[in-house]
Amino acid sequence: MTRETYGFRRFAAVPDTEPDAEAPAYRIECVVCGHNGPLAEADKEQSAEAQDKASRKAQQEATLWVAQHRKDEPEHFTYRMWSSAPVRLEPGAWQ
Ligand SMILES: [Zn+2]
């Protein structure tokens, strides 16, 4: 008879700051009709300052869709910006 032993560990979802992490991305949604603009991904940068600048640029790109949408729906005035941030699972101690 073979006995098996199992180990358990918890994982935590943490911000992914690794060099291969996904880039932040942004999208605008019209709150009135639920239509979305295209996804605008920020360029990946090495420093936090450069990454903030790239993220602001991507946010501005995402908002360009609002002008297009208002040509079709001139009465739609309310929008929300969705953003994504990279997250990875970090393994905890074996229990
Ligand atoms: Zn709309």
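Coordinates for the structure precede this section.
So, a few notes on the structure that sits alongside this text. (Residues numbered from 1 in each chain as written. Predicted model: local features only at pLDDT ≥ 70, side-chain atom pairs only at ≥ 80, totals over all residues. Heavy atoms only, no water.)

## What about the pattern of salt bridges?
Pairing is possible between side chains of opposite charge, provided their charged atoms come close. All chains considered together, the criterion is met by four salt bridges. For E18, the salt bridge identified is with R88, shortest N-O distance 3.8 Å. Taken together, the residues span a long stretch of sequence, with E18 in the loop between β1 (9-15) and β2 (25-30) and R88 in strand β5 (residues 87-94) at a distance of 70 residues. Assessed through its relative accessible area of 38%, E18 is described here as partly exposed. According to the relative accessible area criterion, R88 is partly exposed, its value standing at 24%. Two residues, E90 and R88, come together in a salt bridge whose shortest N-O distance is 3.4 Å. (Salt bridge = Lys/Arg side-chain N within 4 Å of Asp/Glu carboxyl O. Helix = DSSP H or I, 4+ residues; strand = E, 2+ residues; numbered from the N terminus. Buried < 20%, exposed > 50% of the residue type's maximum accessible area, 1.4 Å probe, protein only.)

## Looking at the sheet that holds β2
By way of backbone hydrogen bonds, the strands of a sheet pair with one another, either parallel or antiparallel. Ordered in space as β3-β2-β4, the three strands form an open sheet in which the pairing is antiparallel. Two strands close off the open sheet at either side, each with one partner strand: β3 (40-41) and β4 (79-84). For β2 and β4, the ladder comprises six bridges, and the chain directions are antiparallel. Looking at β4, one finds that E29 is bridged to R80. Along the sheet, helix α1 (residues 48-72) makes contact with β2, β3 and β4, crossing β2 at roughly 25°. (Pairing = 2+ DSSP bridges. Contact = heavy atoms within 4.5 Å. Axes fitted to C-alpha atoms, helices over the stretch in contact; angles between N-to-C directions.)

## Observations regarding the side chain of H76
Secondary-structure assignment places H76 in the loop between α1 and β4. At 3.4 Å, the side chain of H76 and the side chain of H69 are in polar contact. Filtering out sequence-adjacent residues up to four positions away, H76 remains in contact with C30, V32, C33, H69 and R70. (Polar contact = N/O pair within 3.5 Å; in protein donor to acceptor, adjacent residues only side chain to side chain.)

Coordinates in, geometry out; function isn't part of it.
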